[in-house]
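Okay, here's what each chain looks like letter by letter:
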Amino acid sequence: MDHHAVHPVEGVDPHLAITRSDPDSTRPLPPILLLHGFGSSSRRNWMDSGWVRFLNDAGRSVIMVDLPAHGDSAAPEDAGAYVPSRMRADILQALFDERVLPLREGDPTSGVDIIGYSLGSRLAWEFAATQPEIVRRMVLGGPGTADPLADFDLEGAERFLAGGPASGDPTTMDLLRMAQAGPETNLPALLAMVAAIKTEPFDPQGAVPKMPLLLVAGDQDDYSQGLRDLAAWAPGAEIATLPGRTHANAVTSRIFKEAALAFLA
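In short, a report on the structure.

## A short note on the nonpolar core
In step 1: Judged by nonpolar contacts, the single largest core of 56 residues is most densely connected at Leu33, Phe38 and Ile114.
In step 2: Counting residues per element, this core draws most heavily on helix 7 (residues 187-197), which supplies eight residues.
In step 3: In this structure, Ala250, Phe256, Ala260 and Leu261 belong to the second largest nonpolar core, which totals 23 residues.

Right, here's the structure in full:
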């Protein structure tokens, strides 16, 4: 498993950590980019839950990028590093660094497949809509039309972390609990990311990916409201439902793994 940093974009070093894991025998298919959720990391989302081993055992190479202030990536002081458009530019640079080539007819290894979860799904939706020349197929876990980070009660969260009462917004408190679950959590930097995301709220109808798309969510996932709207907007999108799963535990589902692998085959 190769662990390194992404190259600078326009002279600015984002200090993002990239991890690549290749199987012993690779199938003639493109690598899979894995994008984790808010407050998580590549290790927590994809390695500890068995995704990397599962995909490698199936002959697929994987590329993982830790988002800013997550996992082994740095927590920049520049607020601009956290806006979604900048994160997507850094992800594109990461793929260039990994020698991912634009899709080419007759070359089944060209391009990239993507599996995203939660915030990673939002970024993947926008990335694929704006970079269709490089994305072959895509699986989005826990997606929805709402933008919980744009609606995040930032002032309430800051008061709570300073010892005050809990925010009256249950989604804000739920996101805080998920963020605090990680041993490497940098809460001030994560709140800086929330503030930056508020400047570019999710607009899924503004740009829609056109490649084959699988939308996956637990049947008890409150964050995936509007999933059928996403499927209606994206031509040819499919939906897979995970029985008994919530937003917090869907990523560990064996059904999720098998559905994603079959869709990207």
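## A short note on the environment of Gln131
In step 1: By the secondary structure assignment, Gln131 is in the loop between helix 4 (119-130) and strand 6 (135-141).
In step 2: The exposure class of Gln131 is buried, given its relative accessible area of 18%.

## As for the pairing of strand 2 (residues 17-21)
In step 1: The buried count for strand 2 comes to five of five residues, which makes it a mostly enclosed element.
In step 2: Judged from the four bridges that link them, strand 2 and strand 4 (residues 62-65) form a sheet pairing that is antiparallel. Counterpart to Thr19 in the pairing with strand 4 is Met64.

## Quick look at the packing of helix 5 (residues 154-161) against helix 7
In step 1: Following both chains from N to C, one finds helix 5 and helix 7 inclined at 170°, their axes separated by 11 Å at the closest point. In terms of orientation, helix 5 and helix 7 fall into the roughly antiparallel class. Taking contact as the criterion, the partners of Leu154, Ala157, Glu158 and Leu161 in helix 5 are, on helix 7, Leu187, Leu191, Val194 and Ala195.
In step 2: In the contact of helix 5 with helix 7, the residues fall into seven nonpolar, no polar and one charged.

## Thoughts on helix 3 (residues 84-97)
In step 1: Its 14 residues place the ends of helix 3 20 Å apart at the C-alpha level, agreeing with the 20 Å of an ideal helix rising 1.5 Å per residue.
In step 2: The element helix 3 is largely enclosed, with a buried count of 11 among its 14 residues.
In step 3: Along helix 3, the residues classified as buried are Pro84, Arg86, Met87, Arg88, Asp90, Ile91, Leu92, Gln93, Ala94, Leu95 and Asp97.
In step 4: Following helix 3 by one or two positions, Arg99 adopts a phi angle in the positive range, close to 60°.

About the cut-offs
- Residues numbered from 1 in each chain as written.
- Predicted model: local features only at pLDDT ≥ 70, side-chain atom pairs only at ≥ 80, totals over all residues.
- Heavy atoms only, no water.
- Core = buried A, V, L, I, M, F, W, Y, C linked by side-chain atoms within 4.5 Å.
- Buried < 20%, exposed > 50% of the residue type's maximum accessible area, 1.4 Å probe, protein only.
- Helix = DSSP H or I, 4+ residues; strand = E, 2+ residues; numbered from the N terminus.
- Pairing = 2+ DSSP bridges.
- Axes fitted to C-alpha atoms, helices over the stretch in contact; angles between N-to-C directions.
- Parallel < 35°, antiparallel > 145°, perpendicular 65-115°, else oblique.
- Contact = heavy atoms within 4.5 Å.
- Nonpolar A, V, L, I, M, F, W, Y, C, P; charged D, E, K, R; others polar.
- Expected span 1.5 Å × (residues − 1).

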